[in-house]
Amino acid sequence: MAAKKTGKVTATKSAKRVANTPSIASAPIVPSWHVAPDSTRAWKTLKKLSVRGKQAQLRTLFAKDRKRGDTFSANALGIHLDYAKNLIDGVTMDALHALASECGVARHMKAMFAGEHINLTEKRAVLHVALRAPKGAVIKVDGENVVPLVHEVLDRMSAFAQRVRSGSWKGFTGKRIRAVVNIGIGGSDLGPVMAYEALKNFSERDAADRSMVFRFVSNVDGEDFYEKTRDLNPEETLFIVSSKTFTTLETMTNANTARAWSLAKLKNPAAVAKHFVAVSTNAAEVSKFGIDTANMFGFWDWVGGRYSMDSAIGLSTMLAVGPTGFSEMLAGMHDMDEHFRSAPAKKNLPMLMALVGLWNREFMGFGTVAVLPYCQYLSRFSAYLQQLEMESNGKQVQLDGTPVRWETSPVIWGEPGTNGQHAFYQMIHQGTSPVPCDFIAFARPLHDVDVHHDILIANLLAQGEALAFGKTPQEVRAEGTPSWLVPHRTFPGNRPSNTLLCEQLSPRMLGRLIALYEHKVFVQGSIWRVNSFDQWGVELGKVLAKNIIPELSGSAKKPNHDSSTQGLISRYRALRGRAK
Ligand code: F6P
């Protein structure tokens, strides 16, 4: 079987790369072009401009430039970015562009695309862009062209996806697969869930329909596994165990539970081969778990977890939308890669979003960003971006380990409009801390149901307008409002937002949007001079949890915690009826 053969080849190569983990004994050399932002001339200019920016009024800025909407917008790949409702002007934008130049963003981008080891703390290349490079492209990591490896895995995924979707892949008892459960967390979950939700409308392709059920188990909370599997039949269920490392506590706990759940009905360990596949870089651990590496889809250490939804981690996406839909999504990401690489900075969507975001974060002092998609299909987009942005750029030290002297990642949050309007928009409009917003919408809906879409888009436009221009006390009074109520009905306005008005949701458009945000994060991380590709901040909690687990169940000898943690452990044990 060809697939089996290539599977083993891929697994062996992956295993070799894991074994070749570079030494951490020597400190990385930070290239000299990676200058600290606060040492640039542009930074000093921007600090001065921020005094003016903090006093600026969007009402005045719009009155001064009647074409401001055109001046501060850019268009590419079916995406219209309007960033005019930010507290910027031409001088500010020039200074921000100068900052990007002085900070070596272009050089850094070149280094990424060239496969240089820009993930300095882990001494690895960062090449998610290679995952969507077309067949025939050449992208080298340590002298090896990785594009053929990428396409070899994509071909295996396609063959597998076609078999499952057509029903020719049978479960252990001969039934076809009707439910796919992805087990993974973080980057091995958020991208796949987001893409499934975004693209489920496109699953009726390649001779398949929407009858297949997709579930995503991520939380180590057993309730998650219980609820996602309670109505499934093990004979018809395929588990994809997705984990770059294949050691993540949550995922391995869920995977073990899934195996037990399957075998409780299927009885025979040989059934694992028909009901479990793995997506990982770690062939040795996959084997240890009991999954034949022939059923493993590999990727590489140069793909970060939060940048992996277009690698084999996207297997559930491919099963849902078919190989055609998946390759369209990859093509969309590649479109944006090329745009990012080649468009002039002033028309470059990721660059513009990054610079405006950086202005809001550092120079205006806004600590959060709300991502508000006016599209139900993008219901998990903000959750996906939370990891992309906050795990990438939520850092306190520079590449050389010295503390940053500037703000880094804002808090990213959000919900789809119009639901958010009836929940937290009160605070966005009248709270004490302005929240820059990214409004995202598609001009043409996939299902034009009666008047819905115009109402939806009118709401999006109204929110941006209300945030920017507010309502003055005079305007409120002029409506006949009693004076005691005027302060309550006044809207301060002057609150920034971007609007991304896209043509229509499709796998290709989703790919473009994802890559747009990936590259926005890249530019910001580059200017902030942090490593956007490591995540040491998640380690401590993991280690402490491993120590506490036996203390909860009772097998640990001598817990040694602070009085608060110790008290909580004791209370938990008491509530579970365990000895003191
Ligand atoms: O939360 C930390 C993290 O390492 C993420 O970066 C990653 O996406 C996630 O855990 C899952 O890791 P893995 O794919 O190795 O299970």
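Along each chain, residues carry numbers from 1 onward, in the same order as the chain's sequence is written. Given that this is a predicted model, residues contribute local features only at a pLDDT of at least 70 and side-chain atom pairs are listed and counted only at 80 or more, while totals for whole chains, interfaces and linings are drawn from all residues. To get the side-chain values, all heavy atoms of the structure are used, and hydrogens and water are removed first.

### Quick notes on the overall build of the protein
Phase 1: The helix and strand inventory of the protein stands at 22 helices and 13 strands.
Phase 2: It is over C-alpha atoms that the radius of gyration is taken, and the globule rule equals 2.2 Å times the number of residues to the power 0.38. Taking 2.2 N^0.38 as the reference for a compact globule, 580 residues should give roughly 25 Å; the C-alpha atoms of the protein span a radius of gyration of 25 Å, in line with that estimate.
Phase 3: The principal-axis extents of the C-alpha atoms in the protein amount to approximately 75 × 60 × 55 Å.
Phase 4: Throughout, exposure labels follow a simple rule: accessible area from a 1.4 Å probe, protein chains only, divided by the maximum for the residue type, with under 20% read as buried, over 50% as exposed, and the rest as partly exposed. Of all 580 residues assigned to the protein, the portion counted as buried reaches 53%.
Phase 5: Contacts were defined at the residue level, with two residues in contact if any of their heavy atoms lie within 4.5 Å. A separation threshold of at least 6 residues defines the contact pool for the protein, and within that pool the share at least 24 residues apart is 74%.
Phase 6: For accessible areas, the Shrake-Rupley method is used with a probe of radius 1.4 Å. Any residue's cover is judged against the shown protein chains and nothing else. Total accessible area on the protein is roughly 25300 Å²; 55% of this is exposed by carbon and sulfur atoms.
Phase 7: Charge-centre separation for the protein: the mean point of 70 positive side chains lies 4 Å from the mean point of 53 negative side chains. A run of H or I in DSSP counts as a helix once it spans at least four residues, and a run of E counts as a strand once it spans at least two, with each numbered from the N terminus. Here the positive residues are Lys and Arg and the negative ones are Asp and Glu; neither His nor the chain ends is included. Just so you know, the charge point we use is NZ for Lys, CZ for Arg, CG for Asp and CD for Glu.

### Considering the site of the ligand
Phase 1: In the vicinity of the ligand there are 14 residues, among which S188, S243, T245, T248 and E391 approach most closely.
Phase 2: Identification of polar contacts relies on pairs of N or O atoms within 3.5 Å, with a donor-acceptor requirement for protein atoms, meaning one able to donate a hydrogen and the other able to accept it, and with residues adjacent in sequence counted only if both atoms are side-chain atoms. Q387 has a polar side-chain atom sitting 3.1 Å from an oxygen atom of the ligand.
Phase 3: One of the side-chain N or O atoms of E391 is found 2.7 Å from an oxygen atom in the ligand.
Phase 4: Here the nonpolar group is Ala, Val, Leu, Ile, Met, Phe, Trp, Tyr, Cys and Pro; Asp, Glu, Lys and Arg are the charged ones; every other residue, Gly included, is treated as polar. Residue classes in the shell around the ligand are distributed as two nonpolar, nine polar and three charged. By convention in these notes, a residue is near a molecule or strand provided one of its non-hydrogen atoms lies within 4 Å of it.

### With respect to the environment of T45
Phase 1: Looking at where T45 falls in the secondary structure, it is placed in helix α2 (residues 41-55).
Phase 2: Remark: the alpha-carbon pair of T45 and A95, spanning 50 residues in sequence, is separated by 6.9 Å.

### Description of the sheet that holds strand β10 (residues 368-374)
Phase 1: With mixed pairing, the six strands of this open sheet are ordered in space as β1-β2-β13-β12-β10-β11. Since the sheet does not close on itself, it has two edges, and those belong to β1 (73-76) and β11 (411-413), each with one partner. Within this sheet the neighbouring strands show an average axis-to-axis angle of 15 degrees, counted without direction.
Phase 2: Two strands qualify as a pair provided DSSP detects at least 2 bridges between them. The sheet contact formed by strand β12 (residues 437-444) and strand β13 (residues 497-504) spans seven bridges and is parallel. Across the sheet, residue D438 finds its bridge partner in β13, namely N498.
Phase 3: Think of each axis as a best-fit line through the C-alpha atoms, taken over the contacting stretch in the case of a helix, with angles from 0 to 180 degrees between the N-to-C directions. Its contacts with the sheet place helix α17 (residues 452-469) against β10, β12 and β13, and it is angled at close to 150 degrees to β12.

### A few points about α17
Phase 1: Between its terminal C-alpha atoms α17 stretches 26 Å, which fits the 26 Å expected from 18 residues at 1.5 Å a residue.
Phase 2: Among all positions in α17, only H453, L456, I457, L460, Q463, G464, L467 and A468 are buried. One side of α17 carries all its buried residues, which in axial view fall inside an arc of 125 degrees.
Phase 3: Directly after α17, the chain includes G470, whose backbone phi takes a positive value near 55 degrees. The span expected for a helix works out to 1.5 Å for each residue beyond the first. Of all possible arcs, the one meant is that of the directions from the helix axis to the C-beta atoms.

### Focus: the sheet that holds strand β5 (residues 179-183)
Two pairing modes exist for strands in a sheet, parallel and antiparallel, and in both the strands are linked by backbone hydrogen bonds.
Phase 1: The sheet built from five strands is open, its strands ordered β6-β5-β7-β8-β9 with parallel pairing. At either end of the open sheet lies a strand with only one pairing partner, and these are β6 (213-217) and β9 (296-298). Across this sheet, the average inter-strand angle for adjacent strands is 20 degrees, counted without regard to direction.
Phase 2: Alignment of strand β8 (residues 276-280) against β9, held across three bridges, turns out to be parallel. Within β9, the position partnered with V279 by the bridge is F297.
Phase 3: This element, helix α10 (residues 249-266), spans β5, β6, β7 (237-242) and β8 of the sheet and lies at about 160 degrees to β7.

### A few points about the pairing of strand β2 (residues 79-82)
Phase 1: One ladder, built from four bridges, connects β1 with β2; its direction is antiparallel. Its bridge partner lying in β2, A74 is registered against L81.
Phase 2: In sequence, β1 turns back onto β2 through a hairpin of two residues, with L77 there showing a positive phi of about 55 degrees.
Phase 3: In this sheet, β13 lies alongside β2 in antiparallel orientation, the contact comprising four bridges. Its bridge partner lying in β13, D82 is registered against T499.

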